[in-house]
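Below are the chains, spelled out letter by letter.
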Amino acid sequence: MNARAIPNPQAIHNHDDVDLPFGDDWNHAAAAIHAEHAVTTRPLYVGSITAAQRGVQGSVGVELHLAANGAWLDIGPFRLPARELRRLQHLLGIVAACIGQRPATTPPAPELTPEAGRGIVGWDLARTASELSDGGLSEGEGRP
Amino acid sequence: MSEPRPPFVAQPAAPAPPPRDCLIGTIRAAEVNPLDGSPTRAPLPVWVTDTNAVQMGEHLLTDPDQVLNLVGILLTALRIMRI
């Protein structure tokens, strides 16, 4: 087996970047094993956040990648081990409580507009109900 | 007979200090060299600024929705890790 022909699977991020050797020394079985290892050990994309960065105009996207074996999480260039990830989640929970942005438990108050709470604009529910009770209108009539 | 004690006059409270950034904690992280993958120890302080933004190292989260987004992603990662 020609060890030089097989790149380090940890360094494979894009298969297009891999220089495939050609010739009789190409070991297909070893290459397949290494390629599968590279895929199964590739970090998992779990999400991204939008943030500002000092010295950078505008906002930047920070991607989060989780190790396939769950040993660490990458937040942009920073790598956090599992125990620190738990600690960061705890700290951010405190932060979310401090800045008052916890998920709402009640629906927001209705907007104070002239049409608020009236449903369909122009629909007089009380009048329609009254007319229906008087037998003057059948259901479906009276709609503007 | 002793002199009557003067009535207690409450002093006006001192003006509150202006809001300042608050350090919530520091995460022991490592900064990874994208070229060779070598890690370097890099503490990651987490601050809450006086404008209610969250600063993690060089990154500043000014939108509270992004903070909740990050918390949600961390919860997902923790669930995958089964921590």
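Right above here is the structure, for reference.
Residues numbered from 1 in each chain as written. Chains lettered and ligands numbered in written order. Predicted model: local features only at pLDDT ≥ 70, side-chain atom pairs only at ≥ 80, totals over all residues. Heavy atoms only, no water.

(A) How the structure looks around the overall build of chain A. The helix and strand tally for chain A stands at three helices and four strands. Mapped in sequence order, the helices and strands of chain A form the string α-β-β-β-β-α-α. Burial statistics for chain A: of 144 residues in total, 24% are counted as buried. Partitioning the intrachain contacts of chain A with sequence separation of at least 6 by distance along the chain shows that 23% fall at a separation of at least 24. When the accessible surface of chain A is totalled, it reaches about 10000 Å², and 54% of it is carbon and sulfur. (Helix = DSSP H or I, 4+ residues; strand = E, 2+ residues; numbered from the N terminus. Buried < 20%, exposed > 50% of the residue type's maximum accessible area, 1.4 Å probe, protein only. Contact = heavy atoms within 4.5 Å. Areas by Shrake-Rupley, 256 points an atom, 1.4 Å probe, with all protein chains shown as cover.)

(B) Structural view of the nonpolar core. Core analysis: the biggest nonpolar cluster contains 34 residues, and Leu73 and Leu88 of chain A together with Met56 of chain B have the highest contact counts within it. If we ignore the near neighbours within four places in the chain, the residues touching leucine 73 of chain A are Val46, Leu64, His65, Leu66, Phe78, Arg79, Leu80 and Leu85 of chain A together with Leu74, Ala77 and Met81 of chain B. (Core = buried A, V, L, I, M, F, W, Y, C linked by side-chain atoms within 4.5 Å.)

(C) Structural view of the side chain of threonine 49 of chain B. Its place among the elements puts threonine 49 of chain B in the loop between β2 (39-48) and β3 (54-56). Not counting residues up to four positions away in its chain, the partners in contact with threonine 49 of chain B are Asp21, Gln55 and Leu60 of chain B.

(D) Quick peek at the interface of chain B and chain A. At the junction of the two partners, chain B supplies 36 residues and chain A supplies 35 residues. Summed over both sides, the interface between chain B and chain A buries roughly 3600 Å², with carbon and sulfur atoms accounting for 74% of that surface. Summed over the shared surface of chain B and chain A, the number is one salt bridge. Notably, a salt bridge pairs arginine 28 of chain B with glutamate 84 of chain A, separated by 3.3 Å at the nearest N-O pair. The interface formed by chain B and chain A includes seven residue pairs in polar contact (both at pLDDT 80 or more). When its residues are assigned to classes, the side of chain B that touches chain A shows 26 nonpolar, seven polar and three charged. (Buried area = accessible area lost by both parts, 1.4 Å probe. Salt bridge = Lys/Arg side-chain N within 4 Å of Asp/Glu carboxyl O. Polar contact = N/O pair within 3.5 Å; in protein donor to acceptor, adjacent residues only side chain to side chain. Nonpolar A, V, L, I, M, F, W, Y, C, P; charged D, E, K, R; others polar.)

(E) Local environment of unusual backbone geometry. A positive phi is found at asparagine 52 of chain B, a non-glycine position, where the angle reads about 65°. Using a relative accessible area of 41% as the deciding quantity, one classes asparagine 52 of chain B as partly exposed.

(F) Just empty space enclosed by the protein, in detail. This structure, assessed with the given rule, holds one cavity of 30 Å³ or more. Ile49, Val62, Ile75 and Phe78 of chain A together with Leu44, Met56, His59 and Leu61 of chain B are the residues that line the largest cavity. The class makeup of the residues in the lining of the largest cavity is seven nonpolar, one polar and no charged. (1 Å grid on protein atoms, 1.4 Å probe; cavity = no way out; pocket = protein on both sides within 12 Å on 5 of 7 lines; lining within 4 Å. Points joined across faces, edges and corners; volume = space filled by probe spheres on them.)

(G) Region of the structure containing the pattern of salt bridges. Across all of its chains, the model carries three salt bridges over all chains by this definition. Across the salt bridge formed by aspartate 74 of chain A and arginine 79 of chain A, the nearest N and O atoms sit 2.9 Å from each other. One salt-bridge network, in which partners are shared between bridges, spans Arg83 and Glu84 of chain A together with Arg28 of chain B.

(H) Structural context of the sheet that holds β3 of chain B. Strand order in the closed barrel made by the eight strands is β1(A)-β2(A)-β3(A)-β4(A)-β1(B)-β2(B)-β3(B)-β4(B), with antiparallel pairing throughout. Looking at each pair of strands side by side, their axes are set apart by 35° on average, direction ignored. Inspection of the sheet shows β2 of chain B paired to β3 of chain B by three bridges, in the antiparallel sense. Bridge pairing links tryptophan 47 of chain B to glutamine 55 of chain B in β3 of chain B. Strands β3 (72-75) and β4 (78-81) of chain A together with β1 (22-32), β2 and β3 of chain B of the sheet are contacted by helix α2 (residues 82-98) of chain A, whose axis makes an angle of about 150° with β1 of chain B. (Pairing = 2+ DSSP bridges. Axes fitted to C-alpha atoms, helices over the stretch in contact; angles between N-to-C directions.)

Purely geometric numbers; function is a separate question.
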